[in-house]
Amino acid sequence: MKGVMTMALVLGMGAGAPAAGAASLTVVCAADNDLFGVLSANKIARRRFDSAAEAGTAADSGSGVLILADGYPGKTTTVDGALLDKAAGKKLRLYVEYPAALGGLEFGKPVETHVERVVVASDFFGGGLKSLRIVSVNGLHYVPVEAKGSHLVAARVAGFDTAVYGLPEKTSPILFKMPGRDVLVATTKLSHFVTGRYAPRDSWQCIWGAVLAWLSPGATIPPLRWTPTVRATYSRDEPLPADYEMRAIKRGLDWFGKAKMIVHPSFEKLVAGKNRVDSLPADAPMGDGSLGALEAVISVIHQDGSQPISSAQRGDCTCETAMAMAFGVAVLADKARASIAGNLLDYYLFDSIARKRERGDPNHGAYGLTAWGITTPAWYKANYGDDNARVMLSTLAAAALNKDDRWDEAMMMCLLANLRTTGQLGFRGGRIDVGALNKGWEPYFRGRRVNLSPHYEAYLWACYLWAYEQTGYKLFLDRAETALTMTMDKYTDGWRWTNGLAQEKARIILPLAWLVRAKDTPQNRAMLRKAVNGLLALQDKCGAIREELGLPGKGSYPPPKSNKAYGTTEASLIAANGDPVCDLLYTTNFAFLGLHEAAAATSDKDIIEAENRLAELLCRIQVTSDAQPAVDGGWFRAFDFGRWEHWGCNADHGWGAWAIESGWTQGWITAVLAMRHMETSLWDLTRGSKIERHFEPLRRKMIPDTTTAN
């Protein structure tokens, strides 16, 4: 992998003699060290040695010497005390990484961190990187030491770019100057910034610019430039190839195999019953779907730049992955994906326990529902309406694409099971666990719950409107329309929001578009227009949908309210409104689907243009990486469209900034891009379903005529 990185650094930069007045540095490191490669690519004069003793002897008087941490993280750096004396005699300036001991300073054993971030703690870096700015050192290990006046510290802090609550009482030195000596000490390997994917890039340019300037007083230090090993596919203004959307579809579908999202027998035992694995065999092929699918690439970056895998098996992600595979058949003519799609649906809906036990008992209130997940008992007991909705939407899409109706009965059962646990006003609530349904479904059906939360409710309303179109059963229409009207009447100050308000604005558009399809009235079109205008007010000229926080006190997972709260629960990617970040897990992906369906329902030119801008953005920011194939072709949750870099607040303890969710994100983005290529919509693709034939027998059993349905 290091060879790939070095080539990427050198390409387009050439080699040659340094300019007059430039720094002249002596570096102790392995030949493949990231910093040494960047110095070489940027034509900064440097000599490399394998030992510090050789470097100290060879270095010119008054020059800078860097002793880098080749053994990181397993082995600390040994520096002979005599070198410090030699350096003082020659007036050398030293930079030392990850030392075991140094000039009387007492360092502890290396500490591995989990939630700590690196924070600027002085004015050492100049105006470009002010105190309290946050940077990431992924896979951070450091040697603890007592030091005053640190320039960088490790600490648990909340914030997007800045530690908004200041520094906590407990911090750990990361970069400081030794008292009485011209020695900068880094307690970790800061020179690992390319392989380790340290971010954001502009901050690391400032950090290394300041360190090199300190090492070479008076020398001209050009801004360091390098190509990140993981980055957006295209720059903000780079001309795009004519087939850029088709390329994004193919790479998006190939990601499922590269990331090992579809279980293969070769690693079935490695993931069985687990929620997380650090790695899977690099050479393992993609499974055939009969063993299910995994959830995500997790938002943890190891020191080698790799990321662990969420090996949880969820209904939504499994069925959305099946949908993506089915679109691969339609768009890429890859017939092998058809059987994978079918096997995935069979696995979750028929073979697994997801629809068995209480959910398979006609006398139980949970009959017909689909389990959120099957990996752990806690996930199995959960019935989220939204997750059931996306199981249905993706399964119906895959069935239409595969021209196979064997899942229709299960989907009709799921529609009716959710409808009968939805109250008279059309709200179901976020989650009803199996145990809560032990006494039956009727109390929910007859209740008058109000839950103005599109994130949890909206996609069920879309399913009900689709079901009304298929069956003519007016209860589907009435409950969806009532809830949509009540929700839009309180737009948006009356809403509950989850991780942000932007996602609620994005989620409401799909059911409103389908309400126009099911019942095209001026009032319903006006509600759709209002919702679209609210979303597009957040769209940047580059196409990004900016994240937005709602009213205080109405959010379920707002930004952390203290440093201590960072990394303890789900959270937003931003710290405050105005942070230039889009969220591809909760907002942008569903905005893309909603705008696509709204454009199909109305042929409105403004909506079509907004969708086109968003499609272009998604193709530009798709991840590209030779060094980390498990993320190549994916879409991370966070993208900073100000920096044009994958960056955001990683406070969410489960689905942070660098997560790639197989279903929610990857499944729906590839699906909408595919539908654009096919010149169809989800409504039109699935409207030929024959699911109606299962309706009346199941309806009589699940919502009998004797039930009061006011």
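These numbers come from a predicted model, not from an experiment. (Residues numbered from 1 in each chain as written. Predicted model: local features only at pLDDT ≥ 70, side-chain atom pairs only at ≥ 80, totals over all residues. Heavy atoms only, no water.)

## Side note on the overall build of the chain
We apply this condition: In this text, helices come from DSSP runs of H or I with a minimum length of four residues, and strands from runs of E with a minimum of two, each type numbered from the N-terminal end. In this description the radius of gyration comes from C-alpha coordinates, and the expected globular size is given by 2.2 Å times residues to the power 0.38. Type-normalised accessible area, obtained with a 1.4 Å probe on protein chains alone, sets the label of each residue: buried when under 20%, exposed when over 50%, and partly exposed for intermediate values. Residue contacts are defined here by distance: any two heavy atoms, one from each residue, within 4.5 Å place the two residues in contact. Here the Shrake-Rupley method, with its probe set to 1.4 Å, supplies the accessible areas, and only the displayed protein chains count as covering residues. Counting rule applied: Lys, Arg positive; Asp, Glu negative; His and chain ends not counted. Taken as the charge location is NZ of Lys, CZ of Arg, CG of Asp or CD of Glu.
Tallying secondary structure elements over the chain gives 23 helices and 18 strands in all. Against the compact-globule benchmark of 27 Å for 710 residues, the chain has a radius of gyration of 28 Å, which places it among compact chains. The principal-axis extent of the C-alpha atoms belonging to the chain is close to 95 × 50 × 50 Å. Looking at the chain residue by residue over its 710 residues, the buried ones come to 61%. If you take every contact in the chain between residues at least 6 apart in sequence, the share linking residues at least 24 apart comes to 73%. When the accessible surface of the chain is summed, it comes to about 25,600 Å², and 51% of that surface belongs to carbon and sulfur atoms. Where the 79 positive side-chain charges of the chain centre and where its 75 negative ones centre are 2 Å apart.

## So, the environment of E504
Mapping E504 onto the fold places it in helix 16 (residues 501–507). We classify E504 as buried; its relative accessible area is 0%. Taking the C-alpha atoms as reference, E504 lies 9.6 Å from L452; in sequence the two are 52 residues apart. Those residues in contact with E504, other than ones at most four positions away along the chain, are S453, P454, H455, W495, R496, W497 and T498.

## A word on the side chain of Q307
The following threshold applies: Here a polar contact is taken to be a pair of N or O atoms separated by no more than 3.5 Å, where protein atoms must pair a possible hydrogen donor with a possible acceptor and residues adjacent in sequence count only if both atoms sit in side chains.
Mapped onto the elements, Q307 comes out in the loop between strand 13 (296–297) and strand 14 (309–310). At 2.8 Å, the side chain of Q307 and the backbone oxygen of I298 are in polar contact. Discounting residues that sit within four places of it in the chain, Q307 has contacts with R197, D278, V297, I298, S299, V300, I301, H302, V631, F636 and W658.

## Thoughts on the pattern of salt bridges
Applicable threshold: For salt bridges, the criterion is a side-chain nitrogen of Lys or Arg within 4 Å of an Asp or Glu carboxyl oxygen.
Counted under the stated rule, the structure contains 44 salt bridges. Among the salt bridges present, the one from E609 reaches R613, with a minimum N-O distance of 3.6 Å. Placement of both E609 and R613 in helix 20 (residues 605–621) is noted, with a separation of four residues, approximately one turn of the helix. The exposure class assigned to R613 is partly exposed, which follows from its relative accessible area of 28%. Here the salt bridges do not stand alone but share partners, grouping E295, R314, D316, E320, D386, D387, R390, R507 and E661 into one network.

## Quick look at the packing of aromatic side chains
As a reminder of what qualifies: Between rings of Phe, Tyr and Trp, where Trp is taken as its six-membered ring, a pair exists when centres lie within 6.5 Å; planes separated by under 30 degrees are stacked, by over 60 edge-to-face, and by other angles tilted.
Scanning the entire structure with this criterion turns up 22 aromatic pairs. Taken together, a centroid distance of 5.1 Å and an interplanar angle of 45 degrees make the contact between Y198 and W204 tilted. A centroid spacing of 5.4 Å and a plane angle of 80 degrees characterise the contact between Y459 and F590, whose relative ring orientation is edge-to-face. In this pair, Y459 is assigned in helix 14 (residues 454–471) and F590 in helix 19 (residues 588–602), connecting sequence segments 131 residues apart. The class for F590 is buried, based on a relative accessible area of 0%.

## Digging into the sheet that holds strand 6 (residues 117–120)
Let me state the cut-off plainly: In this description, strands pair whenever DSSP reports at least two bridges between them.
Strand order in the open sheet made by the nine strands is 2-1-3-4-11-10-9-6-7, with mixed pairing throughout. The sheet is open, and its two edges are formed by strand 2 (45–49) and strand 7 (134–135), each paired on a single side. Bridge count for strand 3 (residues 64–67) against strand 4 (residues 93–97) is four bridges, and the pairing is parallel. Counted as the bridge partner of V65 is L94 from strand 4.

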